[in-house]
Amino acid sequence: MENLKLRIFVENGKYLIPADSELYSIYDYRYELYVDGVELPRDKGIKQINKPTEIKLVKTTQVVDHYEDTITKKIYSSTEYNDIIEDLKNKGNYSDSSDEWVDIDYEYQYKKFIRNIDVHYKNEFGVISYTDFEFIPIIQSKYDSIVAVNGVVNSLSDMLFVFFPNKYDILNEASTRTGYTIVDDDTRGNSTHRAISVATHSDFKYLKINGNYAKYKDSEIKLLSFRGTYEECVEKRNKYINDLVEIIKYNDSFLIVSQLTVKQIGYLLKELNSIKTRVYKIDEKVSGRMDKNAALKSITTLIDDLTNGLNDENK
């Protein structure tokens, strides 16, 4: 009996013998497969089992147990039988190569002896036992858009997934984070409504936010499938969602501006430019330089958005 370590995969409480299990390298028609005494079907596919304490491969071989003379009922062991046969052949000068006897008397004794002999067989069992197991959990995807390429592999590091981005999945997540309502693409939107829609025949090329085609600070989102580890696929999905959230927020500023009067925008621009001038004059230490630059960048961005909104109002 051999004691070997065997990989067992765990998936949602199920224990699986993988299709590439090392035990299959020696498992053939001569063997039966047992898990804790229960025989499994004879095939080499993925097998679902209970948590095992012992898995055995049992090979059954028929060997001669003894010989019996049907006339005298005398029992001969394998050794005794072979010794008698060998003695008769030697005395009769039997030739194996030509199958001929020199002494026909011994030939007669030989043939008479074997004619009355019955062979009795017994089973011998060869056992390969596994009692040491490595239980490896299979990663379960939380998202319908991320699916495993291989469900059963040698280790978790071998598992690959494919991310098939779904625009409605991404849209739902982004709208939830930003408080927007998804409406049908043909709905007549109002610029004061926090509404978002996307055309059914494209990714986000014809994205509408608040009833208008989206403005892009950088570039529109193009959805592409991705293959990698589970973590990499999740990261890619989150990037699409975050990119869409940024686009929504960017367009949100135009909604805010559109609700202001020209006089209000002018006043805000004047105040922001005044604040910007004062920030520039701050004699900051090195430690505060990053904070100052960040503040200036935020003010500049807000001024640009207000200016663009003012220009849109005057068109």
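Here's a quick rundown of the structure. Nothing here was measured: the structure is a model prediction, and the numbers come from that model. (Residues numbered from 1 in each chain as written. Predicted model: local features only at pLDDT ≥ 70, side-chain atom pairs only at ≥ 80, totals over all residues. Heavy atoms only, no water.)

In this model helix H2 (residues 104-115) runs 16 Å from its N-terminal to its C-terminal C-alpha over 12 residues, within 8% of the 16 Å that 1.5 Å per residue would give. Listed as buried for H2 are Glu107, Tyr110 and Phe113. Looking straight down H2, one finds that the buried residues subtend no more than 130° of arc, so they occupy a single side. Those residues of H2 that are exposed and angled more than 90 degrees off the buried face are Ile104, Asp105, Tyr108 and Arg115. Turning to H2, the residues buried within the fold contact strand E7 (75-76), helix H1 (78-91) and strand E8 (117-137). Two or three places before Asp105, at the start of H2, stands the capping residue Asp103, its side-chain oxygen 2.9 Å from that residue's backbone nitrogen. (Helix = DSSP H or I, 4+ residues; strand = E, 2+ residues; numbered from the N terminus. Expected span 1.5 Å × (residues − 1). Buried < 20%, exposed > 50% of the residue type's maximum accessible area, 1.4 Å probe, protein only. Arc of directions from axis to C-beta. Contact = heavy atoms within 4.5 Å. Polar contact = N/O pair within 3.5 Å; in protein donor to acceptor, adjacent residues only side chain to side chain.)

Strand order in the open sheet formed by three strands is E9-E10-E15, and the pairing between neighbours is antiparallel. Each edge of the sheet is formed by a strand with only one pairing partner; in this case those strands are strand E9 (146-148) and strand E15 (226-228). Geometrically, the sheet is characterised by an average inter-axis angle of 25° between neighbouring strands, direction not taken into account. Across three bridges, the pairing between strand E10 (residues 161-163) and E15 is antiparallel. The residue bridging Phe161 from the neighbouring strand is Gly228, located in E15. (Pairing = 2+ DSSP bridges. Axes fitted to C-alpha atoms, helices over the stretch in contact; angles between N-to-C directions.)

With that out of the way, let us pick up the packing of aromatic side chains. For the structure on display, the rule yields 11 aromatic pairs. With a centroid separation of 3.7 Å and 10° between ring planes, the pair formed by Tyr67 and Tyr81 is classed as stacked. Placement of the pair is Tyr67 in strand E6 (residues 55-69) and Tyr81 in helix H1, with a sequence separation of 14 residues. Each member of the pair, Tyr67 as well as Tyr81, carries the same accessibility label: buried. Aromatic pair Tyr81 and Phe113: ring centres 5.9 Å apart, planes at 25°, arrangement stacked. On the criterion of sequence distance, the pair formed by Tyr81 in helix H1 and Phe113 in helix H2 is long-range, its members being 32 residues apart. Considered together, Tyr81 and Phe113 belong to a single accessibility category, that of buried residues. Grouping aromatic residues by their ring pairs yields a cluster made of Tyr67, Tyr76, Tyr81 and Phe113. Above the ring of Phe135, the side-chain terminus of Lys51 is found at 5.3 Å from the ring centroid. Stacked on the ring of Phe226, the Lys or Arg Lys236 has its end atom at 5.0 Å from the ring centre. (Phe/Tyr/Trp six-rings, centres within 6.5 Å; stacked < 30°, edge-to-face > 60°. Lys NZ or Arg CZ within 6 Å of the ring centre and 35° of its normal.)

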